[in-house]
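Structure assessment
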Amino acid sequence: MPAVDKLLLEEALQDSPQTRSLLSVFEEDAGTLTDYTNQLLQAMQRVYGAQLNVLHTELAKQLADTMVLPIIQFREKDLTEVSTLKDLFGLASSEHDLSMAKYSRLPKKKENEKVKAEIVKEVAAARRKQHLSSLQYYCALNALQYRKRVAMMEPMLGFAHGQINFFKKGAEMFSQSMDGFLSSVADMVQSIQVELEVEAEKMRASQQELLSLDEAVYTPDFDVAAPQVNRNLIQKAGYLNLRNKTGLVSTTWERLYFFTQGGNLMCQPRGAVAGGLIQDLDNCSVMAVDCEDRRYCFQITTPNGKAGIILQAESRKENEEWICAINNISRQIYLTDNPEAVAIKLNQTALQAVTPITSFAKKQESPCPSQNVKSSEMENDKIVPKATVPIPEAEQLIAPGTPIQFDIVLPATEFLDQNRGGRRTNPFGETEDATFPEAEDSLLQQMFIVRFLGSMAVKTDNTTEVIYEAMRQVLAARAIHNIFRMTESHLMVTSQTLRLIDPQTQVTRANFELTSVTQFAAHQENKRLVGFVVRLPESTGGESLSTYVFESNSEGEKICYAINLGKEIIEVQKDPEALAQLMLSVPLTNDGKYVLLNDQPDDNDGSPSENRGAESEA
């Protein structure tokens, strides 16, 4: 006998679209079975009604007991029970959706603990009610898969036995094989009944075990104080609220089922057979955001810096796990042979903040990464490799307990007073791009999309190891304190300054003279990490050293190359011959412009000889 298809009781609580799709198959089967049973009952009643004369009274009685009664009992008991449980399950699902909608609209800023507790309690009660009704409904549908086989065969078997008993005188018409067949069918019915009883007992035990779980499984965000977050996920699935714009200022939120598939984020509404692509996650960025006073929102940004979709999770744990999973996928870990091990290694590196020894060894071979890039293209007598020195201790580079700044400046808002014709002074010290006329005359202009990770004071700028140590401490602090928000900027590298520009308002957030940048380096393991050390004078007469760490959409080596080229232009700018020799070492495009660097994030080796990068004229 073929195996019986079943609904998994363990998936009732998650209530995913895949489970709903399988449930619809069982519901369609139950509906078809109901129609067939009604038609079969009508046919059996016609056969029963045809037994009119006295000679057929005994046959009619036997047919009523063995043929008509079982099909009536099956229709009135089993099919009616399934229909009733279906209605109850639909009502429970509707109540749960309504309670989740109320919970999702809870304000974040003006939070009322009493209202929140009442709504959370309502969500838990609705979720438990839905779980109980779904378990009962699933059990009834599973039992129906066994009972329908018995219900279809019992009337036929009763009809056959009645006819055989009625035609006793013609028993010689039935051969030994017919008796064996009827006996085999009777044994099959009995075995199905036994299997049904065993399966029903298993389902009852499983249902009791699932319902005995702690109330916390029905309560959203029950572990908000200290959630157990798995940061090594490379796959994630669950319900999220999707923000949709319905007008210029109006928005709606829709609760949908999301799941990751390879490097893609997929969405599957209820009732859909399969999911559809929502967002390509390769090389994207994700961060927590504040949106419409809703809690646990995060935004996915495309590799070119364009803001993508905004999603809302139902708990802090789900929010952080989604952000970690998307971060892991964006690094294309899923393409490796053992993605789980790679994800664990990367997250352990962030938590333990251990810079690989191989990175130090590679850095000791040359003064900075930008010189490694240029070494194959030009020779500069002023670049002299440093002698190999021992790696300094962390305390010699950065003082223990040094605070870390995670926001470089306040976000730029309005920078032009609409009520006056002239400019107003920006209260945050930010300046507009027009205040930097040297950018127009600069021999070098290179733009990169970067995200600020953090900055901190350091004790020395004699070695690039101070940048690696700052990267280590910044990444560790972000991982330990669950800081996912990053400020995105455009980094403009010229032959005079480094400028951080707000991508929306074009307001300059920070400006560093290139002569004050004393060290710069890119991480050898994570190619998109880059940092530099800035030496600035203080009002007391001394000097301060600070390291700034960024994540770039392109390779950090390219930013280091541009900075190094800018510093070399400063050195030779007073000597026209040396400047001409330096410019000749940079490759040209077909239209005679100097190729500075390819600033697009791609899979190439980042060679400066490619003609797809940003360009400027000398």
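Everything below is about the structure shown above.
About the criteria used
Throughout, residues of each chain are indexed from 1 in the direction in which the sequence is written. Reporting in this predicted model follows two pLDDT cut-offs: at least 70 for local features of residues, and 80 or more for side-chain atom pairs to be given and counted; totals over whole chains, interfaces and linings ignore these cut-offs and use all residues. By convention in this description, side-chain values take in all heavy atoms of the structure and omit both hydrogens and water. Buried and open spaces are told apart on a 1 Å grid over the protein atoms alone, a cavity being a set of points where a 1.4 Å probe fits but cannot get out and a pocket being an open set with protein on both sides within 12 Å along at least five of seven lines. Residues with an atom within 4 Å of a point are the lining residues. Grid points are joined across faces, edges and corners, and a volume is the space filled by probe spheres set on the points. Here a strand is any run of E in DSSP of at least two residues, a helix any run of H or I of at least four, and the numbering for each starts at the N terminus. Where each domain starts and ends follows an automatic or database-derived domain assignment. Helix axes are fitted to C-alpha atoms over the stretch in contact, other axes to C-alpha atoms as well, and angles between N-to-C directions run from 0 to 180 degrees. In what follows, roughly perpendicular refers to angles from 65 to 115 degrees, roughly parallel to angles under 35, roughly antiparallel to angles over 145, and oblique to any angle outside these ranges. For any pair of crossing helices, the crossing counts as left-handed if the nearer helix is rotated counterclockwise from the farther one by less than a right angle, and right-handed if it is rotated clockwise. When residues are grouped by polarity, Ala, Val, Leu, Ile, Met, Phe, Trp, Tyr, Cys and Pro land in nonpolar, Asp, Glu, Lys and Arg in charged, and all others, Gly among them, in polar. In what follows, a contact means two residues having at least one pair of non-hydrogen atoms within 4.5 Å. Per-residue accessibility, obtained with a 1.4 Å probe over protein chains only, is compared with the maximum for each type, and a residue is labelled buried under 20%, exposed over 50%, and partly exposed between these values. In this tally, Asp and Glu contribute negative charge and Lys and Arg positive charge; neither His nor the terminal groups of the chain are included. Salt bridges are identified by distance alone: a Lys or Arg side-chain nitrogen within 4 Å of an Asp or Glu carboxyl oxygen. Whenever two N or O atoms come within 3.5 Å, that pair is a polar contact, provided that in protein one can donate a hydrogen and the other can accept it, and provided that, for residues adjacent in sequence, both atoms are side-chain atoms. Aromatic pairs are defined between Phe, Tyr and Trp rings, using the six-membered ring for Trp, whenever the two ring centres lie within 6.5 Å; interplanar angles under 30 degrees are classed as stacked, those over 60 as edge-to-face, and all others as tilted. The criterion is that NZ of a Lys, or CZ of an Arg, lies within 6 Å of the ring centre and within 35 degrees of the ring normal, and then a charge sits over that ring.

Turning our eyes to something else, we now look at empty space enclosed by the protein. Scanning all chains against the criterion turns up one cavity of 30 Å³ or more. As a volume, the largest cavity reaches approximately 90 Å³. Lining the largest cavity are M100, Y103, S104, Y239, L240, N241, R255, R295, Y296, Q312, A313 and E314. At the level of elements, α2 (57-104), β1 (237-245) and β6 (294-301) are the ones that each hand at least two residues to the lining of the largest cavity. A domain-level breakdown of the lining of the largest cavity finds at least three residues from each of domain 1 (9-174) and domain 2 (237-349).

Turning our attention to the packing of α2 against helix α3 (residues 113-166). At a minimum axis distance of 7 Å, the contact between α2 and α3 shows a crossing angle of 165°. Taken together, the axes of α2 and α3 lie roughly antiparallel to each other. Taken as a pair, α2 and α3 cross one another with a handedness that is left-handed. Considering only residue class, the contact of α2 with α3 consists of 27 nonpolar, 14 polar and ten charged.

On the secondary structure map, H490 appears in strand β10 (residues 487-494). Other than its neighbours up to four places away in sequence, H490 contacts M447, F448, I449, R499, L500, I501 and P503.

Mapped onto the secondary structure, R294 falls in strand β6. Of the buried charged residues, R294 lacks a salt bridge, with E292 as the closest side chain of opposite charge at 4.6 Å. Side-chain polar atoms of R294 contact the side chain of Q312, separated by 2.7 Å. With residues up to four places along the chain from it excluded, the contact list for R294 reads S104, R105, K108, N241, W253 and Q312.

Turning our eyes to something else, we now look at the packing of aromatic side chains. Summed over all chains, the structure comprises ten aromatic pairs. Relative to F550, the ring of F452 has its centre 5.5 Å away and its plane inclined at 65°; by these criteria the two rings are edge-to-face. Of the two residues, F452 is situated in strand β9 (residues 445-457) and F550 in strand β15 (residues 543-552); the sequence distance between them amounts to 98 residues. Neither F452 nor F550 differs from the other in exposure class; each is buried. For the ring pair F512 and F532, a centre distance of 5.7 Å and an interplane angle of 70° mean the geometry is edge-to-face. Of the two residues, F512 sits in strand β12 (residues 507-513) while F532 sits in strand β14 (residues 529-537), which places them 20 residues apart along the sequence. F512 sits in the buried class, given a relative accessible area of 6%. The class for F532 is buried, based on a relative accessible area of 3%. Through a chain of ring-to-ring contacts, the aromatic side chains of F452, F512, F532, Y548 and F550 assemble into a single cluster. Taking the ring centre of Y239 as reference, the NZ or CZ of R255 above it sits at 4.3 Å.

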